[in-house]
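Reading the structure
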Amino acid sequence: MAFITLDTKKLKSNFDYLNGFFKDHNIDWSVVTKILCGNRDYLAELLKMGISQYSDSRISNLRVIKSIDKNAQTIYIKPPAKGVISDVIKYADISMNTDFRTIEMLSEEAKKQGVTHKIIIMIDLGELREGVMRDDFVDFYSRVFRMENIEIIGLGTNLSCLYGILPNNDKLIQLSLYKQLVEAKFNVSIPFISGGSSVTIALVQQGLIPKGINHFRVGETLFMGTDVYNNNRFEHMENDIFKLYAEVIELYEKPIVPTGELGTNLEGDTFNFEESDYGKTTVRAIIDIGLLDIDMKHLDPTDTDIKYAGATSDMVVLDLGENPKNYKVGDKIEFTMDYMGIVRIMNSKYIEKRIINTPDAVAAI
């Protein structure tokens, strides 16, 4: 069997650090919960920490959050599809939007449900993912401004996710200037400028964030302790909150080079082997996970003697060399994962999800 663990003590440590950090800089923040893939037990642990606002790109995940705490404030963080308009109004207190007709539909549905729906208008600052083009923004705002049952509470942008366009002072000043422009032109107040994400935290530390940027959406840094901007980790933050354990289901000494005519494997890959490896053997272990659960490039064994040999849909083959740790069938191999590795594992219904919160719990695995 295979399972992933969430260490709640380490997660709380990261939350407390970030919460204090943002308070010190007068910034509101929302936790992006996508990495948890709607897992009710993990979300319940997160809600215990006193987080005030939750963001996700899946309505089903927001529904779980609301079922745990109906008063939790939720944000739907991608432009809504037509088919989910009703649920966006029902389960998201706020949504991020870029399309006029979509906002019209949100207005109509909000009126039906007897609520005022809050929106953040996203502006494209060069990443070319979601966002109204800058030249069109003022006209766009003027049309949305008049809609019934819609309240524009913020402007936002997304950077780094698609092409890796990094945030900088110039781009974020542009976002702040749009706030000043519409506030003056339409005599309104825009409470939130949501220009920050995990990648922008390093700029706050360096004092490079304009004062107008007062709202962040943070997932990776909370759950991974990563400094996304510089591609390393923040000091004083935990980076192994999640771990994967996979059981050894076969272990034999076998040749390094397979025998027979070489074709392609199930992924269409072909293999070449070093001439020097012919006639040599190694200890090979098969573990109880496969390509349906994980892309191995996002997974690292904590035992550095272990090497990846290959994988099929339901099994991964590891090269243990001379097996210096004396692994046996039934033992569990421990892995750390990057962000995408965790998301893939969390999204697999075949992988058990466990919670740990004490050193004894780790030792008992």
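As a starting point, this report considers the structure included with it. All values reported here derive from a predicted model rather than from experimental measurement. (Residues numbered from 1 in each chain as written. Predicted model: local features only at pLDDT ≥ 70, side-chain atom pairs only at ≥ 80, totals over all residues. Heavy atoms only, no water.)

With respect to burial, strand E8 (residues 192–197) is a largely interior element, 5 of its 6 residues being buried. Bridging between strand E7 (residues 150–156) and E8 involves 3 bridges; their strand directions are parallel. Bridge pairing in E8 links Gly156 to Ser194. (Buried < 20%, exposed > 50% of the residue type's maximum accessible area, 1.4 Å probe, protein only. Helix = DSSP H or I, 4+ residues; strand = E, 2+ residues; numbered from the N terminus. Pairing = 2+ DSSP bridges.)

Another point: the packing of aromatic side chains. According to the stated counting rule, one finds 12 aromatic pairs in the structure shown. Relative to Phe242, the ring of Tyr42 lies with its centre 6.4 Å away and its plane at 55 degrees, an arrangement referred to as tilted. Here Phe242 lies in strand E12 (residues 242–255) and Tyr42 lies in helix H2 (residues 40–47), a separation of 200 residues in the sequence. This pair shows no difference in class: Tyr42 is buried, exactly as Phe242 is. Between the aromatic rings of Phe223 and Phe242, the centroid separation amounts to 6.2 Å while the plane-to-plane angle is 45 degrees, which identifies the pairing as tilted. (Phe/Tyr/Trp six-rings, centres within 6.5 Å; stacked < 30°, edge-to-face > 60°.)

This paragraph deals with the packing of H2 against helix H3 (residues 59–68). One way to put it is that H2 packs onto H3 with a least axis distance of 10 Å and a crossing angle of 55 degrees. The angle between H2 and H3 falls in the class oblique. Helix-helix and strand crossings are classified by hand; for H2 and H3 the assignment is right-handed. Taking contact as the criterion, the partners of Arg40, Leu43, Ala44 and Leu47 in H2 are, on H3, Asn61, Val64, Ile65, Ser67 and Ile68. (Axes fitted to C-alpha atoms, helices over the stretch in contact; angles between N-to-C directions. Parallel < 35°, antiparallel > 145°, perpendicular 65-115°, else oblique. Left-handed = near helix turned anticlockwise from the far one by under 90°. Contact = heavy atoms within 4.5 Å.)

As a further point, take the side chain of Thr221. Tracing the chain through its elements places Thr221 in helix H9 (residues 220–224). Contact partners of Thr221, with chain neighbours within four places excluded, come to Asn14, Leu18, Ser198, Ile201, Thr226, Val228, Phe234 and Met237.

So, on to the nonpolar core. One finds Leu46, Leu155, Leu222, Phe223, Phe242 and Ile289 to be the most contacted residues of the largest nonpolar core, which totals 97 residues. Look past the residues within four positions of Leu155 in its chain and what remains in contact with it is Ile120, Ile121, Ile123, Phe137, Leu175, Tyr178, Lys179, Val182, Ile190, Phe192, Ile193 and Ser194. Listed in part, the 8 residues of the second largest apolar core include Val32, Ile75, Met96 and Ile153. (Core = buried A, V, L, I, M, F, W, Y, C linked by side-chain atoms within 4.5 Å.)

Positive phi outside glycine occurs at Cys37, with the angle close to 50 degrees. Its relative accessible area of 23% is what places Cys37 among the partly exposed residues.

With that settled, the discussion passes to the sheet that holds strand E2 (residues 28–32). Pairing in this closed barrel of 8 strands is parallel, and the strands run E2-E3-E4-E5-E6-E7-E8-E9 around the ring. Along the sheet, successive strands turn relative to each other by an average axial angle of 30 degrees, direction set aside. Bridge count between strand E4 (residues 73–76) and strand E5 (residues 94–97): 2 bridges; the pairing is parallel. The partner of Tyr76 across the bridge, within E5, is Ser95. Docked against the sheet, helix H5 (residues 100–113) engages E5, strand E6 (117–122) and E7, running at close to 160 degrees with respect to E5.

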